[in-house]
Amino acid sequence: MSGPKTDYRRLMDDEIARVRGIGREAGTDRPPSLLLHSCCGPCSTAVITELAPDFRLTVFYYNPNIDTAGEYARRAAEQRRAISLLAVPHPVEYLDEGHLPGDFLPEAEPLASEPEGGARCSVCFRIRLERTAVRARELGFDWFCSTLTVSPHKDAPRINAIGTAVAARVGVRWLPSDFKKRDGYGRSIALSREFGLYRQDYCGCLWSREARPE
Ligand code: SF4
């Protein structure tokens, strides 16, 4: 297993270079398909622009951690709007799994007292990545990945360790990432401002809502 000093950004660059090489050898301009789990429209902006030249992307909106149906609908609408506004070389598809808090709450409630970044978040990442991998396999995607590593509040080694373990269990390739590196987070903020996207002030679950500063 990769240690905490692994440079996931570098691993991603190496994988993408390999994907390009395979495409050149095959003489095809049809990139491989990738199911991209997205936590929200703002975070997805920088990630989509980064991956779209090399993959046929479908954004997978699966976030059962979001606390209310209204908040879910608002964030999903902003996700669709972000996709429609981005200038990308290949069309980006959108797949919404719907608001399914029952996937999250039974496992999260025993961890309610955990701080943001603690054990509850590992469960939250695993639930979201696992469903993404299962859908990727069912729908025949070549790869899966997540926008989660663009946030400076989210720990890339932990997300990549979970993604790698899920990939081995489900049998789909995980694209490692650390999108926050090389100013990915800064670009997501700039694009979100440019598009006037709603930038939520809490992560998503009811405990993160309660813990947000007044
Ligand atoms: S704080 Fe965010 S990542 Fe952690 S459990 Fe809540 S919604 Fe999930």
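Since this is a predicted model, take the numbers as computed values, not measurements.

Engineer: What's the story with empty space enclosed by the protein in this structure? I'm lost.
Structural biologist: Unoccupied space between atoms shows up once a probe the size of one water molecule is rolled over them. Counted by the stated rule, this structure contains one cavity of 30 Å³ or more. For the largest cavity, the calculated volume is near 90 Å³. Lining the largest cavity, in full, are Asn65, Phe104, Glu116, Arg120, Cys121, Cys124, Phe125, Arg128, Lys154, Cys203, Cys205 and Ser208. Ranked by the residues each element gives to the lining of the largest cavity, the list is headed by helix 5 (residues 119-139), at five residues. The residue inventory of the lining of the largest cavity, partitioned by class, reads six nonpolar, two polar and four charged.

Engineer: What is the right way to read the site of the ligand from this model?
Structural biologist: All residues in the neighbourhood of the ligand are listed as Asn65, Phe104, Glu116, Arg120, Cys121, Cys124, Phe125, Arg128, Cys203, Gly204, Cys205 and Ser208. The cavity where the ligand resides is the largest cavity. Top element by residues in the shell around the ligand is helix 5. It accounts for five residues. Split into classes, the residues belonging to the shell around the ligand amount to six nonpolar, three polar and three charged.

Engineer: Quick question: what am I supposed to make of the side chain of Glu78 here?
Structural biologist: With respect to the element layout, Glu78 can be found in helix 3 (residues 69-85). There is a polar contact of 2.8 Å between the side chain of Glu78 and the backbone nitrogen of Tyr198. Apart from residues no more than four positions distant in its own chain, Glu78 is found in contact with Gly41, Gly196, Leu197 and Tyr198.

Engineer: What should I look at first to understand the nonpolar core in this one?
Structural biologist: Considering soluble globular proteins, one finds that nonpolar side chains tend to be buried as a cluster. The biggest cluster of nonpolar side chains holds 52 residues, and the ones touching the most others in it are Leu34, Leu51 and Phe55. Filtering out sequence-adjacent residues up to four positions away, Leu51 remains in contact with Met12, Ile16, Leu34, Leu36, Leu57, Cys145, Leu175 and Phe179.

Engineer: Explanation requested: the layout of surface pockets in the structure shown.
Structural biologist: Here the largest pocket defines a volume of roughly 490 Å³. Around the largest pocket sit 26 residues that line it, and Ser151, His153, Gln200, Tyr202 and Cys203 are the ones nearest its centre. Among the secondary structure elements, those contributing two or more residues to the lining of the largest pocket are helix 2 (41-51) and helix 7 (184-195). In terms of residues, the lining of the largest pocket owes the most to one element, helix 7, which gives four residues. Counted by class, the lining of the largest pocket contains 11 nonpolar, eight polar and seven charged residues. Taken as a whole, the second largest pocket holds about 310 Å³ of empty space. Lining of the second largest pocket is provided by 18 residues; of these, Val19, Gly23, Arg30, Pro31 and Pro32 occupy positions nearest its centre. Considering every element that reaches the lining of the second largest pocket, the biggest residue donor is helix 1 (residues 8-26), with seven residues. Here the lining of the second largest pocket is built from residues that sort into seven nonpolar, three polar and eight charged.

Engineer: For this particular structure, what's the right way to read the pairing of strand 4 (residues 143-146)?
Structural biologist: Each regular strand shows side chains that alternate between the opposite faces of the sheet. Burial along strand 4 is two-sided: Trp143 and Cys145 facing one way and Phe144 and Ser146 facing the other are all buried. Here four bridges tie strand 1 (residues 33-37) to strand 4, and the two strands are oriented parallel to one another. By the bridge assignment for strand 4, His37 is matched with Ser146.

What counts as what
- Residues numbered from 1 in each chain as written.
- Predicted model: local features only at pLDDT ≥ 70, side-chain atom pairs only at ≥ 80, totals over all residues.
- Heavy atoms only, no water.
- 1 Å grid on protein atoms, 1.4 Å probe; cavity = no way out; pocket = protein on both sides within 12 Å on 5 of 7 lines; lining within 4 Å.
- Points joined across faces, edges and corners; volume = space filled by probe spheres on them.
- Helix = DSSP H or I, 4+ residues; strand = E, 2+ residues; numbered from the N terminus.
- Nonpolar A, V, L, I, M, F, W, Y, C, P; charged D, E, K, R; others polar.
- Near = heavy atom within 4 Å.
- Sits in = over half its atoms within 2 Å of the grid points.
- Polar contact = N/O pair within 3.5 Å; in protein donor to acceptor, adjacent residues only side chain to side chain.
- Contact = heavy atoms within 4.5 Å.
- Core = buried A, V, L, I, M, F, W, Y, C linked by side-chain atoms within 4.5 Å.
- Buried < 20%, exposed > 50% of the residue type's maximum accessible area, 1.4 Å probe, protein only.
- Pairing = 2+ DSSP bridges.

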